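# Structural overview
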Amino acid sequence: MQQGRKMDQSSPEKLILVTREPNGIAYVTINRPKSLNSLTKPMMTDLARAFKELDCDDSVRVVILSGSGRAFCSGVDLTAAEDVFKGDVKDVEKDPVAQMERCRRPIIGAISGFAVTAGFEMALACDIIVATKGAKFMDTHARFGIFPSWGLSQKLSRIIGPNRARQVSLTAMPVTAEQAERWGLVNHLVEEGDLLKKAQEIAEAIIKNNQDLVLRYKSVINDGFKLDLGQALKLEKERAHEYYDTMTKEQFKKMQAYISGRSSKKPSSKL
């Protein structure tokens, strides 16, 4: 990975690393490998700030989230549980999952090792998940008496089905990456050394497309998923009309030329 310009970090040890590449890919790395990337309160704040700032950066097209060392994220550091769970649990400005959900840029989760509880919830906040063959997902809320607040109790059942989600969460047993792929939770399963390569490959494919429509498409998929099918289809129609109503004749001509192959130029941010 090339070195990009780094975001200012509030953690002196730089436990959350952010780099931006000239091609539009930004990397967010949880960097506390000796503690299996367990999250402290300052780290959670830094993660939230990172995603908020990346969302506001028009040079960023795609974000890749990963963890350094042997784990993606082993959850919240429970040595400071009261400090973490009381008060700020409602503060979206310091909530990394809330900021990931608000981020308009596509987020690719590059999962290696364990994604446990809060780490599992951050994985679920990604738009696309690439995992290594040895990765494991685990929900330990019930084991440790922690009530979920980053979406695991609601999102997982919508992805893998309620029966499977109940088994995962109530038993606190790990789910292998192979099983997660079969259940539709993981998009791609790769060897350890190919994790970032595959994530970058997906990011580059996204970057080649019309960026205005990429953002709009992610938004309509995510917003529509919260609705029943009838309301979601209505939402799609409304946003399609809104999109086309703002297009000029010149933009329609460019679209037609691009589709027919008469234009060799890439489409602009809005055709």
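Residues numbered from 1 in each chain as written. Predicted model: local features only at pLDDT ≥ 70, side-chain atom pairs only at ≥ 80, totals over all residues. Heavy atoms only, no water.

So, on to the sheet that holds strand E7 (residues 114-116). A sheet is described by the order of its strands in space; here 4 strands give the open sequence E5-E7-E9-E10, paired in mixed fashion. Only two strands of the sheet have a single partner each, and these edge strands are strand E5 (71-73) and strand E10 (175-176). Relative to E7, E5 is paired through 2 bridges, and the arrangement is parallel. Paired with cysteine 73 across the two strands is alanine 115, which belongs to E7. (Pairing = 2+ DSSP bridges. Helix = DSSP H or I, 4+ residues; strand = E, 2+ residues; numbered from the N terminus.)

Another point: helix H9 (residues 195-207). Over its 13 residues, H9 runs 19 Å from end to end, which matches the ideal 18 Å to within 8%, given 1.5 Å per residue. Elements that come into contact with the buried residues of H9 comprise strand E3 (25-30), strand E4 (62-67), strand E6 (107-111), strand E8 (128-132), strand E11 (188-190) and helix H10 (211-225). (Expected span 1.5 Å × (residues − 1). Contact = heavy atoms within 4.5 Å.)

Once that is clear, we can look at the side chain of asparagine 210. When you line up the elements, asparagine 210 lands in the loop between H9 and H10. The class for asparagine 210 is buried, based on a relative accessible area of 11%. At 3.1 Å, the side chain of asparagine 210 forms a polar contact with the backbone nitrogen of aspartate 212. In terms of polar contacts, asparagine 210 uses its side chain to reach the backbone amide nitrogen of leucine 213, at 2.9 Å. (Buried < 20%, exposed > 50% of the residue type's maximum accessible area, 1.4 Å probe, protein only. Polar contact = N/O pair within 3.5 Å; in protein donor to acceptor, adjacent residues only side chain to side chain.)

Further remarks concern the pattern of salt bridges. Under the defined criterion, the tally for this structure stands at 14 salt bridges. Linking arginine 20 and aspartate 57 is a salt bridge whose minimum nitrogen-to-oxygen distance equals 2.7 Å. Note that arginine 20 is positioned in strand E2 (residues 16-20) and aspartate 57 in the loop between helix H1 (41-55) and E4, a separation of 37 residues in sequence. Here arginine 216 ties to aspartate 212 by a salt bridge, and the two come within 2.9 Å at their closest N and O atoms. Of the two residues, arginine 216 and aspartate 212 are both situated in helix H10; the distance of 4 residues between them amounts to about one turn of the helix. Residue class for arginine 216 comes out partly exposed when judged on its relative accessible area of 30%. On the basis of relative accessibility, which here comes to 19%, the residue aspartate 212 falls in the buried class. Connected via shared salt-bridge partners are Lys52, Glu93 and Arg102. (Salt bridge = Lys/Arg side-chain N within 4 Å of Asp/Glu carboxyl O.)

Summarising burial for E3: 6 of the 6 residues are buried, a large majority. In E3, alternate side chains face the same way, and those of Ile25, Tyr27 and Thr29 on one face and Ala26, Val28 and Ile30 on the other are all buried. One ladder, built from 5 bridges, connects E2 with E3; its direction is antiparallel. Bridging across to E3, arginine 20 finds its partner in alanine 26. Linking two consecutive strands that pair antiparallel, namely E2 and E3, is a turn of 4 residues; a positive phi of about 100° is found at glycine 24 within it. Pairing analysis gives 6 bridges linking E3 to E4, with the strands arranged parallel.

With that settled, consider the nonpolar core. In this structure, Met122 and Phe137 are the most contacted members of the largest nonpolar core, which totals 49 residues. It is H1 that provides the largest number of residues to this core, a total of 6 residues. Judged by nonpolar contacts, the second largest core, of 16 residues, contains Val62, Ile108, Ala199 and Ile207. (Core = buried A, V, L, I, M, F, W, Y, C linked by side-chain atoms within 4.5 Å.)

Another point: helix H6 (residues 152-160). Buried within H6 are the following residues: Leu152, Lys155, Leu156, Ser157 and Ile160. The elements touched by buried residues of H6 are helix H3 (96-102), helix H4 (118-124), helix H5 (141-144) and helix H7 (162-171). Glycine 161 sits one or two positions beyond H6 and adopts a positive phi of about 100°.

Two elements in contact, H10 and helix H11 (residues 229-245), have axes separated by 9 Å at closest approach and are oriented at 160°. It follows from the interaxial angle that H10 and H11 lie roughly antiparallel. Considering only the axes of H10 and H11, their crossing is right-handed. On H11, the residues touching Asp212, Leu213, Arg216, Ser219, Val220, Asp223 and Gly224 of H10 are Ala232, Leu235, Glu236, Arg239, Glu242 and Tyr243. (Axes fitted to C-alpha atoms, helices over the stretch in contact; angles between N-to-C directions. Parallel < 35°, antiparallel > 145°, perpendicular 65-115°, else oblique. Left-handed = near helix turned anticlockwise from the far one by under 90°.)

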